[in-house]
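Spelled out, the chains give:
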Amino acid sequence: MTIINVAKASPDLNWPRRDEGYTVPYRVFTDKAYYDLEQEWIFRGDAWSFVALEAEIPNSGDIKATYIGETPVIVTRDEEGGVNVMLNRCAHRGALVCRELRSNVRTLDCVYHQWSYDLKGQLRGVPFRRGVRGEGGMPECFDMMEHGLDRLRVGIINGLVFATFSARTEPLQDYLGADTVAVIERIFHKPVEILGDQRQYVHGNWKLYAENTRDPYHASLLHLFHNTFGLYRSTQTGVSLMDATRRHSVLKTTSSGSSKEEDEKAYKDVRTYNTNYKLQDPSVLAGKKEFADGVNLIINSIFPNLVVQQIANTLAVRQTVTYAPNAFELVWTQFGYAEDSDEMRKIRLKQANLIGPAGFISMEDGEAVEIVQEAVVRDSEKTSYIAMGGGKSTDANHLVSEGTIIGFWENYERMLGVRRMT
């Protein structure tokens, strides 16, 4: 008999070094060996991943099926009001237990053989456990307490639910850092209500979107709506900040800081600044000031799978679900505050047209990811060149920097054990 050993491919973790700027080899977006290592060391490793808003599961018996990386998980609200996160995998033969995105149930029942679990994941029922007519059944030593759903560590901050596979991961607030915690406490300072979901399947690598959300430099050059109608211009007052570990970044802007003359000079001959465009319904931008700090845009990118956003009066979380090196899904969950007036709720629903897969602003981001993926697929040894703002992972008190992208990659290098070679 011939024994064939099939070893999992290992990615090349030796990356080139440059004296100036920052480079990322394109193979990290195309090589499945990188993708597999990310699932092990990031999504199932020492990271806190976002899984739900508590407002999505307000009542006992509410459940949500979602993913951490490509691993399916279930988020539940149990009878005591606790929040639980478990692998969505039956302890019997490995089938998905929960196949609906959201539901309200008394028990979690696997359709394959009807093994039944409570809302904390404990096995409570096995059909034919004692056999039929004295025949068959489970062994006498079978202990249902040993066959529950695999549970994950859970962390909650201001209604955002995170989970981790690792016992080593630091407490959630320490993992997030002060700047991210401040953003969460600012936006989630009172109870929220869910307005709805949008889902977008993108034919690209999830890290390209992670770059995109950490990139203040692209926003007024790619997005005509942003720039032409003044929601975001690089001439405005803004900052991009990172936590000490470079895991997370916060982009903030206000509408102040530039004049018409300065904008016209900065964006002369730029495609996305075109004052000939007019809105047939300008009310989409007729919002209300909500926050005393004057900030009208926040993009808080939280490693590895979450963006918390405020754009005008739109509030949303964006969760990344990975499927393959060239495929991921964005799940946009939009929300308002439970105490919103009817007028404010209508404003939020109208401004919901700004974001999501076909949003006036956001529709170009998915396309940007896909045109990079398409262009690099056969040139894995080539590299990007990231240098705007100095080519270092530094905070910036302006909006023409790629420092937070470099910070993302430095954290990625640490987590995967990348070595920079001369």
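The structure we're discussing is the one just above.
Rules and cut-offs
Residues numbered from 1 in each chain as written. Predicted model: local features only at pLDDT ≥ 70, side-chain atom pairs only at ≥ 80, totals over all residues. Heavy atoms only, no water. Core = buried A, V, L, I, M, F, W, Y, C linked by side-chain atoms within 4.5 Å. Buried < 20%, exposed > 50% of the residue type's maximum accessible area, 1.4 Å probe, protein only. Helix = DSSP H or I, 4+ residues; strand = E, 2+ residues; numbered from the N terminus. Pairing = 2+ DSSP bridges. Axes fitted to C-alpha atoms, helices over the stretch in contact; angles between N-to-C directions. Salt bridge = Lys/Arg side-chain N within 4 Å of Asp/Glu carboxyl O. Phe/Tyr/Trp six-rings, centres within 6.5 Å; stacked < 30°, edge-to-face > 60°. Lys NZ or Arg CZ within 6 Å of the ring centre and 35° of its normal. Contact = heavy atoms within 4.5 Å.

J.: Summarise the nonpolar core; cite the residues concerned and give the values.
T.: Residues Val51, Leu160, Phe162, Leu176, Phe188 and Trp409 are the most contacted members of the largest nonpolar core, which totals 85 residues. The element best represented in this core is helix 10 (residues 403–416), accounting for seven residues. Of all hydrophobic cores here, the second largest spans 18 residues; its members include Ala65, Cys90, Val97 and Tyr117.

J.: Describe the sheet that holds strand 3 (residues 62–68), with residues and values.
T.: Pairing in this open sheet of four strands is antiparallel, and the strands run 5-4-3-6 from one edge to the other. Only two strands of the sheet have a single neighbouring strand rather than two, namely strand 5 (83–87) and strand 6 (102–104). Pairs of neighbouring strands in the sheet enclose a mean axial angle of 25 degrees, with direction left out of account. For strand 3 and strand 6, the ladder comprises three bridges, and the chain directions are antiparallel. If you follow aspartate 62 over to strand 6, its bridge partner there is asparagine 104.

J.: Talk me through the pattern of salt bridges; I want residue IDs and the actual numbers.
T.: The final tally for this structure, using the stated rule, is 23 salt bridges. Residues glutamate 54 and arginine 77 are paired through a salt bridge, measuring 3.1 Å at the closest nitrogen-oxygen approach. With glutamate 54 in the loop between strand 2 (49–53) and strand 3 and arginine 77 in strand 4 (residues 71–77), this residue pair connects regions lying 23 residues apart in the sequence. Overall, the relative accessible area of 22% leaves glutamate 54 in the partly exposed class. Given a relative accessible area of 10%, arginine 77 falls into the buried group. Across the pair glutamate 413 and arginine 420 runs a salt bridge, and its minimum N-O distance is 3.0 Å.

J.: An account of the packing of aromatic side chains is needed here, citing residue identities and associated values.
T.: Enumeration according to the criterion identifies 15 aromatic pairs in this entry. Summarising the aromatic geometry, the rings of tyrosine 67 and tyrosine 323 are spaced 6.3 Å apart at their centres and angled 75 degrees between planes, so their arrangement reads as edge-to-face. On the criterion of sequence distance, the pair formed by tyrosine 67 in strand 3 and tyrosine 323 in strand 17 (residues 314–324) is long-range, its members being 256 residues apart. In textbook terms, an aromatic cluster arises when at least three aromatic residues are bridged by ring pairs, as seen for Trp15, Phe29, Phe43, Trp206, Phe303, Phe408, Trp409 and Tyr412. One Lys or Arg, lysine 190, reaches over the ring of tyrosine 337 and ends 4.8 Å from the middle of that ring.

J.: Can you break down the pairing of strand 13 (residues 238–242) residue by residue, with the values?
T.: Covered by surrounding structure in strand 13 are Gly238, Ser240 and Met242 only, the residues Val239 and Leu241 on the alternate face being uncovered. Of the pairings in the sheet, the one linking strand 13 to strand 14 (residues 249–253) comprises five bridges and is antiparallel in character. Of the residues in strand 14, the one forming a bridge with glycine 238 is threonine 253. Taken together, strand 13 and the strand that follows it, strand 14, pair antiparallel across an intervening segment of six residues, in which arginine 246 is found at a positive phi of about 70 degrees.

J.: Tell me about the side chain of glutamine 122, residues and numbers included.
T.: Its location among the elements puts glutamine 122 in the loop between strand 8 (116–117) and strand 9 (123–125). Under the relative-accessibility criterion, glutamine 122 is labelled buried at 15%. Setting aside its immediate chain neighbours within four residues, glutamine 122 contacts Ser116, Tyr117, Met144, Met145 and Gly148.

J.: I'd like to hear about the pairing of strand 4, residue by residue, with values.
T.: Burial analysis of strand 4 places six of its seven residues in the buried class, which makes it a mostly covered element. Here strand 3 folds back onto strand 4 in antiparallel fashion, the turn holding two residues, of which glycine 69 has a positive phi close to 65 degrees. For strand 4 and strand 5, the ladder comprises five bridges, and the chain directions are antiparallel. Within strand 5, the position partnered with threonine 76 by the bridge is asparagine 84. The hairpin turn running from strand 4 into strand 5, its antiparallel successor, is five residues long, and glycine 81 in that turn takes a positive phi close to 90 degrees.

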